Amino acid sequence: MTDWDGLNPERLAFVGDWHANQHHARRAIRYAAEEGAQAILHVGDFAFDMRPNFFKAVQTELKKTGLMLGWVDGNHDHHDRLRDLVAEHGCTAIPLRPNIFYLPRTYRWEWSGVRFLALGGAHSVDRPWRTPGREWWPGETISIAQAQKASDDGRIDVMLCHDVPAGVRIPCIEGNPLGFPQQEIDTAERHRELLRRVVDQTMPRRLFAGHYHCRLTAELDRGHYRTVVDILADDSAPVSDNTTLVDLTDL
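The paragraphs below set out a description of the structure included in this document. Every value quoted in this text rests on a predicted model; they were computed, and no experiment measured them. (Residues numbered from 1 in each chain as written. Predicted model: local features only at pLDDT ≥ 70, side-chain atom pairs only at ≥ 80, totals over all residues. Heavy atoms only, no water.)

### Notes on the sheet that holds strand E11 (residues 226-231)
Condition: DSSP calls a pair of strands paired once it identifies at least 2 bridges connecting them. Note on conventions: DSSP H or I runs of at least 4 residues are helices, E runs of at least 2 residues are strands, and numbering of each starts at the N terminus. Axis lines are fitted through C-alpha atoms, for helices just across the contact stretch, and the angle between N-to-C directions can take any value from 0 to 180 degrees.
What the six strands build is an open sheet, ordered E6-E7-E8-E9-E11-E10; its pairing is mixed. Each having just a single partner strand, strand E6 (108-111) and strand E10 (216-221) make up the two edges of the open sheet. Looking at each pair of strands side by side, their axes are set apart by 20° on average, direction ignored. The sheet contact formed by E6 and strand E7 (residues 114-119) spans four bridges and is antiparallel.

### Let's talk about the packing of aromatic side chains
How we decide: When the centres of two rings from Phe, Tyr and Trp lie within 6.5 Å, Trp using its six-membered ring, the rings pair. Their planes under 30 degrees apart give stacked, over 60 give edge-to-face, and anything left gives tilted. Relative accessibility under 20% of the residue-type maximum defines a buried residue, over 50% an exposed one, and the middle range a partly exposed one, all with a 1.4 Å probe and only protein chains included.
The full count for this structure, using the stated rule, is 16 aromatic pairs. The interplanar angle of 40° and the centroid separation of 5.3 Å between the aromatic rings of Trp4 and Phe101 together place this pair among those described as tilted. With Trp4 in helix H1 (residues 3-6) and Phe101 in strand E5 (residues 100-102), this pair connects stretches of sequence that are 97 residues apart. Judged on exposure class, the residue Trp4 and its partner Phe101 are both buried. For the pair Phe48 and Trp137, a centre-to-centre distance of 5.6 Å together with 75° between the ring planes defines the contact as edge-to-face. Taken together, the residues Phe48 in the loop between strand E2 (39-42) and helix H3 (52-65) and Trp137 in the loop between E7 and helix H5 (144-152) connect sequence positions 89 residues apart. Grouped by ring-pair contacts, the aromatic residues Trp4, Phe101, Tyr107, Trp109, Trp111 and Phe116 constitute a single cluster.

### Quick word on the pairing of E7
We count it as follows: If you view a crossover with the strands going away from you and the path from the first strand over the helix to the second runs clockwise, you call it right-handed.
Among the six residues that make up E7, five are buried, leaving the element largely enclosed by the rest of the structure. The turn linking E6 back onto E7 is made up of two residues, and Ser112 within it adopts a positive phi angle of 50°. As paired elements, E7 and strand E8 (residues 158-161) share four bridges and run parallel to each other. By the bridge assignment for E8, Leu117 is matched with Met159. Between the parallel elements E7 and E8, the chain passes through H5 in a crossover that is right-handed.

### Describing the nonpolar core
Buried together is how nonpolar side chains tend to be arranged in soluble globular proteins. Put simply, the test is: Put simply, buried Ala, Val, Leu, Ile, Met, Phe, Trp, Tyr and Cys residues joined by side-chain atoms within 4.5 Å make one nonpolar core. Contacts are assigned to residue pairs with any non-hydrogen atoms lying within 4.5 Å of each other.
Residues Trp18, Ile40, Phe46 and Trp71 are the most contacted members of the largest nonpolar core, which totals 27 residues. Only strand E1 (11-15), helix H2 (22-34), H3, strand E3 (69-71), helix H4 (79-89), strand E4 (94-97) and E5 provide two or more residues apiece to this core. Discounting chain neighbours no more than four positions away, the residues touching Trp71 are His42, Phe46, Phe55, Asp77, Leu82, Leu96, Ile100, Phe101, Tyr102 and Leu103. Core analysis: the second largest hydrophobic core is formed by 25 residues, Ile170, Leu195, Val199 and Leu220 among them.

And the structure:
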């Protein structure tokens, strides 16, 4: 049993993309502690190229506040390194520092009777302008096999994602305001559809995501299930938009 498995928090902070911004990370950790959080769950685009100074800064602040942090991968995380970590440790909470854990895709755990599923990943619509192996890494999207495994293992209560499932309206991307290539937009939409298939099978009550750099709460109502979706803003936004607090008793 790892320290992660042994946690039993009652109040969680869910946080959005930090993009290895250690100054914002420290502010967000302090904010979470001040708001009574007992653990932090990060929705990806956490460490980018995983530089040691970022991990050191985050670990130092976590130690000061007594918090632990678990994170799923976003599209802007070092997937080559993450793949190697999963090959070494398996699909479990992987300790990278005493208070920092990577939560691989399809990893499940339970706190206070609440069932969680980690399913990071998203498509980079800006991929044509990024350097492979330095600013962009293959493996950023959920595979068919990962989606199938996540679906086959039964219902859950909370999904921790980076992307947002199809069927949730995201006004800030409507009309492709930044002019990304249509091929990249289409690929991103297919990824959202794949994620939606997992949601339809696992039927979570809550889903937390990032990726779109906006703060939005929406609802996915399929009649036989209803999922409240929280999209968290990134490190360019106020900490209050980058973070939301949830009591497990409410779940």
